[in-house]
Amino acid sequence: MKQFSVINTRLPRIDAHAKVTGDAQYAADLSMPNMLYGALLQSPFAHAKILNIDISKTKRLVGVKDIITAKEAGLIKYGVSPARYDETLFCDKKVRYIGDEIAAVAAVDIETALEAVSLIKVDYEPLPVILNVFDAIKEGAPAIHDDFPNNICAEVHQEFGNVEEGFKQSDYIRTDKFVNKKQDGAFLEPQACIAVYDLNENLTLYTSTQSPHYVQRTVAMVLNIPIGKIRVVQPYVGGGFGPKAAANSIELSACLLSKRTGRPVKMGFTREQVFLHSRGRHQFYHELTTGVKKDGTIVALKNTCYLDGGAYASFGIATVYYAGSLLGGPYKLANMKYDGYRVYTNKPACGAQRGHGGVVARAAWEQQLDIIAEELGMDPIEFRLKNIMQRGDVTCNDLNMSSLGMRESLEAVRDGSGWVRKKGKLPKGKGIGVACGFFVSGAGYPIYRSETFHSTAMIKLSEDGGTVDLFTAAAEIGQGSDTILSMIAAEALGVRFEDVKIHSGNTDFGVDLGAYSSRQTLMSGHAVKQAAENVKQQVLEVLSKKLNTPLEDMDIKDGLIIFKKGPVDCSSLKASYIKEHRGWAKFPTESQLTFQEAARIAYLEKGVIVGSGAYKPGELGGKYKGAAVGTSPAYGCSAQIVEVTVDMETGEVTVDNMTDAHDCGLAINRMNVEGQMQGSLSMGLGEALFEEVKFDKKGKIENPTLGEYRIPTALDMPNVNTIIIESNEPNGPFGAKEVGEGAIMPTIPAILNAIYDATGVRIKELPVTAERIYHALKEKEKGKE
Amino acid sequence: MLLLPKFDYYEPKELTEACRLLSETGSKAKIIAGGTDILVNMKKGLISPKVLVSLGRISRLSEVERMNKSITIGSHLIIAKLAEFDLIRKRFSILASAAKVLGSPLVRNRATIGGNIVTARPAADLPPVLMALGAKVKLKSRRSEREVALDDFFIGPGATVIKPDEILTRVIIPETPSYTGGHYIKLGHRKALEIAIVAVASKITLNKPDGVIKDAKIVLSAVAPKAVHAKSAEEVLIGEKPSAKLFEEAASLAMNDCKPITDIRGGVDYRQAMVEILTRRTLSFAWKEAKKGKKQ
Ligand SMILES: Cc1cc2nc3c(=O)[nH]c(=O)nc-3n(C[C@H](O)[C@H](O)[C@H](O)COP(=O)(O)OP(=O)(O)OC[C@H]3O[C@@H](n4cnc5c(N)ncnc54)[C@H](O)[C@@H]3O)c2cc1C
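Bear in mind that the values here come from a model prediction, so they are computed numbers and not experimental data. (Residues numbered from 1 in each chain as written. Chains lettered and ligands numbered in written order. Predicted model: local features only at pLDDT ≥ 70, side-chain atom pairs only at ≥ 80, totals over all residues. Heavy atoms only, no water.)

**Q** Explain empty space enclosed by the protein to me, using residue names and the numbers behind them.
**A** Residue and element names in this part refer to chain A. Per the counting criterion, the structure on display carries 6 cavities of 30 Å³ or more. Approximately 60 Å³ is the volume found for the largest cavity. Taken together, Asp176, Lys177, Phe178, His286, Leu288, Ala364, Gln367, Gln368, Ile371 and Lys764 form the lining of the largest cavity. Contributions of two or more residues to the lining of the largest cavity are made by strand S8 (172-179), strand S13 (283-292) and helix H11 (359-376). (1 Å grid on protein atoms, 1.4 Å probe; cavity = no way out; pocket = protein on both sides within 12 Å on 5 of 7 lines; lining within 4 Å. Points joined across faces, edges and corners; volume = space filled by probe spheres on them. Helix = DSSP H or I, 4+ residues; strand = E, 2+ residues; numbered from the N terminus.)

**Q** Quick rundown of the interface of chain A and chain B? Include the residues and the values.
**A** Of the residues lining the interface, 28 residues belong to chain A; the matching set on chain B comes to 23 residues. Between chain A and chain B, roughly 2300 Å² of surface is buried when both sides are summed, and carbon and sulfur atoms account for 56% of that area. Of all residues in chain A, Glu649, Arg710 and Glu771 of chain A bury the most surface against chain B, accounting for 24% of the area lost on that side. Linking chain A with chain B are 5 salt bridges. When residues of the side of chain A that touches chain B are assigned to their parent elements, the largest contribution, 4 residues, is made by helix H21 (residues 770-784) of chain A. (Contact = heavy atoms within 4.5 Å. Buried area = accessible area lost by both parts, 1.4 Å probe. Salt bridge = Lys/Arg side-chain N within 4 Å of Asp/Glu carboxyl O.)

**Q** Hey, could you go over the domain arrangement of chain A for me, with residue numbers and the actual values?
**A** Residues and elements named next belong to chain A. On domain assignment, one finds that chain A holds domain 1 (27-127 + 188-239 + 244-277), domain 2 (283-445 + 622-784) and domain 3 (453-615). Summarising the inter-unit geometry, the C-alpha centres of domain 1 and domain 2 are found 36 Å apart. Summed over both partners, the interface of domain 1 with domain 2 comes to about 1800 Å²; 66% of that surface belongs to carbon and sulfur atoms. When the buried area of domain 1 at its contact with domain 2 is split by residue, Val80, Asp86 and Phe275 rank highest and sum to 31% of it. One can count 0 salt bridges joining domain 1 with domain 2. On the surface where domain 1 and domain 2 come into contact, there are 7 residue pairs in polar contact (both at pLDDT 80 or more). When grouped by side-chain class, the residues that make up the side of domain 1 that touches domain 2 number 10 nonpolar, 3 polar and 7 charged. (Domains from an automatic or database assignment. Polar contact = N/O pair within 3.5 Å; in protein donor to acceptor, adjacent residues only side chain to side chain. Nonpolar A, V, L, I, M, F, W, Y, C, P; charged D, E, K, R; others polar.)

**Q** Residues and numbers for the site of the ligand, please.
**A** All names here are of chain B. Lining the immediate environment of the ligand, one finds 30 residues, of which Ile31, Thr36, Asp37, Thr112 and Asp125 sit closest. Threonine 36 places a polar side-chain atom, nitrogen or oxygen, 2.6 Å from an oxygen atom of the ligand. Asparagine 116 places a side-chain nitrogen or oxygen 3.0 Å from an oxygen atom of the ligand. Elements with a contribution of two residues or more to the shell around the ligand: strand S2 (29-32), helix H7 (113-118) and strand S10 (167-174). Counted by class, the shell around the ligand contains 15 nonpolar, 9 polar and 6 charged residues. (Near = heavy atom within 4 Å.)

**Q** Summarise the sheet that holds strand S7 (residues 152-160) of chain A; cite the residues concerned and give the values.
**A** Residue and element names in this part refer to chain A. Taken together, 5 strands build an open sheet; the order of strands is S7-S15-S14-S13-S8 and the sheet is mixed. Only two strands of the sheet have a single neighbouring strand rather than two, namely S7 and S8. The mean inter-strand angle of the sheet, taken between neighbouring strand axes irrespective of direction, is 5 degrees. In the sheet, strand S14 (residues 298-310) pairs with strand S15 (residues 335-344) via 10 bridges, with the strands oriented parallel. (Pairing = 2+ DSSP bridges. Axes fitted to C-alpha atoms, helices over the stretch in contact; angles between N-to-C directions.)

**Q** Give a detailed account of unusual backbone geometry, specifying residues and quantitative values.
**A** In this model, glycine 329 of chain A is joined to proline 330 of chain A through a cis peptide bond whose omega is -5 degrees. Along the chain, the position of proline 330 of chain A falls in the loop between helix H10 (316-325) and S15. In this structure, aspartate 558 of chain A is a non-glycine residue whose phi angle is positive, near 55 degrees. Its place among the elements puts aspartate 558 of chain A in the loop between strand S20 (554-557) and strand S21 (560-563). Looking at aspartate 558 of chain A, the relative accessible area reads 44%, which means it is partly exposed. Backbone geometry at alanine 120 of chain B places phi at a positive 55 degrees, although glycine is not the residue there. (Buried < 20%, exposed > 50% of the residue type's maximum accessible area, 1.4 Å probe, protein only.)

**Q** Before we move on, can you summarise the packing of helix H19 (residues 670-689) of chain A against helix H20 (residues 747-759) of chain A with the specific residues and values?
**A** Residue and element names in this part refer to chain A. For the pair H19 and H20, the least separation of the axes is 8 Å and the interaxial angle reads 55 degrees. Classified by the angle their axes make, H19 and H20 are oblique. Relative to H20, H19 is oriented so that their crossing is right-handed. Here Ser680, Leu681, Gly684, Leu685, Glu687, Ala688 and Leu689 of H19 come into contact with H20, specifically with Thr747, Ile748, Ile751 and Ile755. Broken down by class, the residue content of the contact of H19 with H20 amounts to 7 nonpolar, 3 polar and 1 charged. (Parallel < 35°, antiparallel > 145°, perpendicular 65-115°, else oblique. Left-handed = near helix turned anticlockwise from the far one by under 90°.)

**Q** Which residues make up the pairing of strand S9 (residues 192-197) of chain A, and what are the values?
**A** All names here are of chain A. Within S9, 6 of the 6 residues are buried, which leaves the element mostly enclosed by the surrounding structure. Burial of the side chains of S9 extends over both faces: Ala192, Ile194 and Val196 are buried on one face and Cys193, Ala195 and Tyr197 on the other. With 4 bridges connecting them, S9 and strand S12 (residues 265-268) associate as antiparallel partners. Opposite cysteine 193, over in S12, you have methionine 267 as the bridge partner. Two elements, S9 and strand S10 (residues 203-207), share 5 bridges in a ladder whose sense is antiparallel.

**Q** Account for the sheet that holds strand S19 (residues 500-503) of chain A, with residues named and values stated.
**A** Residues and elements named next belong to chain A. Taken together, the 4 strands give an open sheet; going across it, the order is S19-S18-S17-S22, and neighbouring strands pair in mixed fashion. Here the strands that pair on one side only, and so sit at the sheet edges, are S19 and strand S22 (610-615). Shown here is a sheet whose adjacent strand axes are inclined to one another by a mean of 20 degrees, direction ignored. Bridge count for strand S17 (residues 455-461) against S22 is 6 bridges, and the pairing is antiparallel. Bridging across to S22, serine 455 finds its partner in tyrosine 615. In the packing of helix H15 (residues 481-493) onto the sheet, the strands contacted are S17, strand S18 (468-472) and S19, and the crossing angle to S19 comes to about 135 degrees.

Take a look at the structure:
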C-alpha cells in the first residue's frame, strides 16, 4: 500500500467556509457599475409561425437601451454536437416549444426590462403541436425542423456479436418495456450571468456554467468574436447535473447586448425559465429482450429505444448513443444489438443529466435481470456474480475495463446490508432489492471533433516559495473539484494541502472541457499532477546544482526536502533565505530544508517558477460508428442494495436503508467520494419516486416549480451506508477514477426490485408514485379473482 | 426574476389602527400575516394590492388564551409555535399534528394560523382539524365584530365569508369532553414540503371508555373545493359502539361524501380510495385515544 500525505484522506472542502457562511458569491449576487438588466421574450406557443415582430412600443419605453431579435443577432446555427447545430439565438420564422426565444431587451433596471419585453408584439400562426414521440414519427406528421422531415433527430443501429444466434443459444428469452418521464436537473441555482464588453473589445462573461470552455467556443462562433478576446469566468456555481454543460440563451444574449450597448448586462433565469431551458433527462421508451441459458449465463440483449428529445438536439446525439452503449457491462455479454431513435417534439429540449443516457436503460435492464433471476430460481446476487466482468475484461462494444471492482462492490453490499439474512424472509410490505451499474470516467472525446487536450493546468510558485498557485479551467460546480485538484497538486508536488491556492473555472487559465461525463478527477487531475511534477523537477534541479547532490537522491514531501542518502548540509541556503526573508511574515523554522526555502532559491536562480501539464486520453477502443460515445480511459462501477417499506393500502413507499459500494479507483478525498455517493442516491431516489415534468395538451409545463416538481427532502432520504472500493485504475492519476455519475446507476432499479420484493408488483413506468403502486396492486388482486 | 409589484406597507401596533387602515383603503388593501401565500401570489401577478397591512406588531394576536370553556388562539400565531404550546399539544393534539406536517421548518416559522385559514386552499392543513374540533373564528372590522363557525366560513378555493375590511383576530376552539380522541393523516408524495393529495381529520367522543359514540367529526381535505364533513359517515357512527366493522362502514360512506377531481397531484379514483383508507385509519386511532379517557 502506497503512503500518501494528502490524498486518500478526509479533508474538509476548500469552499466549505464560504458556502456555509453565505460569503460565496454566485452569478446572481454579482453586480457591476453602470450595469443594464436583460430580459427575454419567449414563445407562448409550442409550435407556430412567426408572422411579424413589432418592437415600436418597446423602443419608446423610457429606460430601454437595446432590443435584439433574429434580425440583429443573425442566424448562425449552434448547438452542442457540430453534426446537429440546430439552434439560432432567436427564432426567425417559427417557434418550436413554449419558451423558445424570440427577443431580448436591455434596460436600466429589471422592472423596465420586463415591461419592455411585454410590449413587443408578435403575430403568430399556430401550427399543429406534437408532444409525443410516436406521433412525431408517424407518416405525414408535420416537420418541426425542415431538415428532418420525419422528426428523427438522430438514429443509431449497432450490433455486436450476433443477437439472433445468441437467442438461438438461449434457454429463456423475455421482453419488457420500460418508460420514464422527462426530468429537470433541479439544481438549486438558476442560471445567471453578467457580460462585460470593454473598450478594448474584450468580452468577459461571468456565468453559472459547467463548462467555461464550451461556452467560450459557442459565444465566439455565434457572435463572431475571436476566442482570445473572450474570457468566461465561473463564480461559485450551485449545481449543474448536465443542463449547464453548454451555452444558453441568456449567456449569448447578454454578450450581444453588452457588445452593442458598451455596458455590462446582467441576465438570469427564473425557476420557470430553468424548466423551459431544460436540457435535462430525456424521456426514454425502452424495449429490452434478453436471452439467458438455464445456468444463468446472459447470452444476448436486444435494446430498442425511442427518446423524446424536445425541440432541439442539445447533447441528444450523445444521449441516444449512451442509451445503448452503457448496457455493454458490467456483465459478460457477447451479443448486443441496439436501435435508438432520438425524436424531435414541441417540448423544451432535453440533454445530458447525471448518468447521461444510461440511467433509464440501466433501470429497465436491472429490473428485467431480476425478473429473469427469479424465473431461473436464482438469487439475484448469485445471478449477477455469475456474469460479472472483472479487471481487464473488454465489453462486446469495446469498452476496456482497465480496472473494475464490480465483484468486490457487489459482495460488499451483500455483506454490508445483511442480504442473506433478509432476502426472501421479510414480511409483506417490506422488501430488499439489488442492482449494479457502471459509468465512464470522462468522455473519451470532446463534443466537437478535435485533437485538443481535454485538460491543461499551470502551477506558479510565489516568490517567497510559500504558496503554490494552481491555475485550471476546470469547473467547480459543487462536486468538489477545487478541493480534489488542490489535493492532487499538493501530493504530487510534496507540499501541504493548505499551501495550494487554486484558481479555477476561467478560460484564461487554460483549456478544460469542464464538469460533465465525470471527467475532471481523472482528466484535470492528470494535467494538475503533471504540472506539479514539472514544478517539483524545476525546484529540485536548482537544488541539485546548489547542493551538488544528484537529483534522483532528493524528493519533496510534506513541504520538506528529503535527502534519500542521508543529510546534506543546507545551512548556506537556509541562511540566504533568512536574509532574503527579513521583515516578512511566516518564515520556516524547521531545521530541515523546506520546500518554501528551496522554491525561493529556485526563484532567485530562474525567475518565476511555472510548470504546466496537459492531458488527453490515449488510444481508445472501438472503430465502429458511434464508438466515440461510451469509450473512456476508465470506468467506475457500483452496486447498491435498497430496503423499502410499502404501505399495501395507500401504495406509499418509504426507503428505509441504502447500502452503496462504489469503485472510484482510489479515493482522493474519502469524504468527497461519500458525498457524491449520497448525492447520487438522493437524486436517483427522486427520479425513482417523484420526478416528472408534466405537460398540458398545448405543451405548457404544468409544474415548473420545486413545489410541484419534487426532489427528495432530507426526510425522504434514509441513512446511507457508503462503502468505498479501490481498484487502482492504471489510467487514472494516483489510480483515481469517477464517482460523480456511476453511483446513480443502480439506485432506481434497486428501489424497483425492492418494491417488487415488498409487494409482488413490477412497476415499469417511472416515477413510482403511491398511486401507481396502488393501481398495480388492484390489478394484481383482480388477476387473482 | 420574479418581482413584487409596488405597494404601501403599514405595521400598526393596535388592532383598531389596523381596522381603520383597512376600512379607509377599501378593497385595495390586504392583510399580510406571514406572507407565505400572499407574497407568492403577488410575485406571480395574481393579485396586486396597493396597500399591505401587517399584523406582526400587534402582540395580542400572537397569544394563546384559556377561557372557561374554550381556548382562543391569536390569528398571528406562527405554525411552528402551535405545535409547541403544551396546552395545544395536550388538549388539541390533532391541531399540533397538523401543524407539524405543514410545509417545512422555514415555512412554519413564518406562516400563521390566520393566514392558513383565510387563504382557503382546498388542501390546507389546519382547516380540516379545526373543523373537526368545532372551531369558530372571530372577525373584526372598524364597526363590528362577529363570530363565524369554521364550518360556515369557507365558500370555495380562495373564497370565504370574510369581508374586505374584516380581520380574523382569534380562533376559538371549545374544550373537548372526556373520552375524546382524534387523528389527522395527510397523504402526500414526499415526507415534507407537501400539499396533501388527500387528508382526513377525525374526532370521536365516547360516553364512557367502553361505551358508544356520542359525537363524531370526520373532515375530508383536498377532495372538494373546500374541506368538507363526511356527513353520512359521521351520522352512522353516532350512538353506535365502536368496532373495526363500524369504522369500515363509515369509511366507505365517506368516499361518497366528497367530490375529488383529477389534477397534477392525483387522480379521482385514487383520491376516493384514499378517503376510505384514511378515514378508517384516523377513526381507529381516535378510538384508541378516546378509550384512554384523558381529555384531549
Ligand atoms: C413552500 C410552501 C409550502 C407550503 N406548504 C403548505 C402545507 O404543507 N400546508 C398548508 O396548509 N399550506 C402550505 N403552504 C401555504 C401557506 O404557507 C399557508 O397557507 C400559511 O398558513 C399562510 O399563512 P401566512 O401567515 O403566511 O398568510 P399570508 O400569506 O400572510 O396571507 C394569506 C392570505 O390570508 C389573508 N390574511 C392573513 N391573515 C389574515 C387575518 N388575520 N385576517 C384577514 N386576512 C388575513 C391575507 O390577506 C392573504 O390573503 C405552503 C406555502 C409555501 C410557500
